[in-house]
Amino acid sequence: MQERPKHEFGGPWTEIKLDAISEYLDFYQNALKNKGFETWYVDAFAGTGERHAKVTKGGIFDAAPIEEVEEVLAGSAKRALAILPPFSHYWFSEQRPTRVAALEALRSEASTDIVVRRGDANEQLRLLFSNPPWTDHPSSWKQRAVVFLDPYGMSVGFDTLKMLAETQRADVWYLFPRKAVIQQLANKGSGIDEDKRASLTRIFGCEDWVDRFYEAQPAQTDLFGGRVTFESIRRADGNEIAEFARERFGGIFAYVSDPIPLLINGRDFFELYCFSNNPPAISLIKRGVDHVVRKYTPASHRRSGP
Ligand SMILES: C[S@@+](CC[C@H](N)C(=O)[O-])C[C@H]1O[C@@H](n2cnc3c(N)ncnc32)[C@H](O)[C@@H]1O
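Asker: What is the right way to read the domain arrangement of the chain from this model?
Answerer: When the parts of a complex come together, some accessible area is lost, and that lost area is often used as the size of the interface. As far as domains go, the chain holds domain 1 (12-185 + 237-302) and domain 2 (186-235). Each of domain 1 and domain 2 has a C-alpha centre, and the two are 34 Å apart. Each partner contributes to the interface: domain 1 provides 20 residues, whereas domain 2 provides 18 residues. Between domain 1 and domain 2, a total of about 1,700 Å² is buried, with carbon and sulfur atoms accounting for 59% of that surface. When residues of domain 1 are sorted by the area they lose upon contact with domain 2, Q184, L185 and F244 head the list and together hold 42% of the total. Here domain 1 is connected to domain 2 by 1 salt bridge.

See the structure below:
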């Protein structure tokens, strides 16, 4: 048998993220069971299904020397496959071919319906939700999904979130890359190159961020107090930038949860959100999400890294 590729990523915050998602999936599957829906777990940045992590073991309480060991932990796909009752369908997409092969191996070992797609998550999600059974199918009405968007960085286009909102049947957990976004925003507007501008516009789905975050300030006057030159200077801090993102999400989803902050070394790196645009289901969804957010927000402050 071919060896599975190693996928090393994350830290203590990763386990918090995956615990939060797993707990919500458990809630979701139990809340929707026997209601006649076909449920989908859609993991668009699925990785290999596993996570190789360095863990510190031993110490005075274990009466063993402290050492760093590598452990293989379940990633989001494997954790979702362990949820009971199971989802009717599992759908994984991934860009890296070796990771796609690992997901295909997972599929061959499982007895449930698993679809594996190779390619860009944004494109693959669009294909999934614009085809039967999600559209043009007698059972379209009974399809329900939880979509997990777990990119490393700024890979999720706002258009993708909008498309998911428009289905009204896909609830979305999104790891918003707060730190990566703030890092693109140089102190002077002139410090943002075209590529950065384009990726910020793509993640926010508009260009309004320029006026919201930057202000023209006088830079120089000439010796006679005459002509003034202006420079565009960033006035928005990290919280205002995150608040703008939240407003944008609220423009397309009827429900936007409070985010679970995911910290690395005490600093905000990611924010884990849940969105829904299925008004009749929101009070139910909110009950599950509020519980998860309340439970994992303090944990994320306690276990922030390194
Ligand atoms: C943080 S990891 C996901 C980990 C996974 N959710 C887990 O818990 O095991 C992000 C994954 O997304 C993949 N990826 C990055 N950009 C992508 C894109 N545009 N479309 C699909 N997959 C992408 C990477 O190869 C990587 O495996």
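Asker: Explain the site of the ligand to me, please; I cannot follow it from the model alone.
Answerer: Inspection of the region around the ligand gives 18 residues, with S76, E94, D120, A121 and D150 positioned closest. At 2.8 Å, a backbone N or O of A121 approaches a nitrogen atom of the ligand. Between the ligand and the protein, one listed contact pairs a nitrogen atom with a side-chain N or O atom of D150 at 2.6 Å. For the shell around the ligand, the residue count by class is 7 nonpolar, 6 polar and 5 charged.

Asker: In this structure, what is going on with helix α1 (residues 12-32)? I would like to understand it.
Answerer: Helical geometry: 3.6 residues make up each α-helical turn, so side chains three or four residues apart lie on a common side. Between the first and last C-alpha of α1 there are 31 Å, a value that for 21 residues agrees with the 30 Å anticipated at 1.5 Å per step. Directly beyond the C-terminal end of α1, a positive phi value near 60° is found at N34.

Asker: Sorry if this is basic, but what is going on with the nonpolar core here?
Answerer: Burial of nonpolar side chains together is a common tendency in soluble globular proteins. In terms of nonpolar packing, the biggest core is built from 44 residues, with F129, V147, L149, L161, Y174 and F204 touching the most fellow members. Broken down by element, this core gets its largest block of residues, 5 residues, from helix α5 (residues 158-167). A domain-level breakdown of this core finds at least three residues from each of domain 1 (12-185 + 237-302) and domain 2 (186-235). Look past the residues within four positions of L149 in its chain and what remains in contact with it is A44, F45, L125, V156, L161, L164, V172, W173, Y174 and L175.

Analysis parameters
- Residues numbered from 1 in each chain as written.
- Predicted model: local features only at pLDDT ≥ 70, side-chain atom pairs only at ≥ 80, totals over all residues.
- Heavy atoms only, no water.
- Domains from an automatic or database assignment.
- Contact = heavy atoms within 4.5 Å.
- Buried area = accessible area lost by both parts, 1.4 Å probe.
- Salt bridge = Lys/Arg side-chain N within 4 Å of Asp/Glu carboxyl O.
- Near = heavy atom within 4 Å.
- Polar contact = N/O pair within 3.5 Å; in protein donor to acceptor, adjacent residues only side chain to side chain.
- Nonpolar A, V, L, I, M, F, W, Y, C, P; charged D, E, K, R; others polar.
- Helix = DSSP H or I, 4+ residues; strand = E, 2+ residues; numbered from the N terminus.
- Expected span 1.5 Å × (residues − 1).
- Core = buried A, V, L, I, M, F, W, Y, C linked by side-chain atoms within 4.5 Å.
- Buried < 20%, exposed > 50% of the residue type's maximum accessible area, 1.4 Å probe, protein only.

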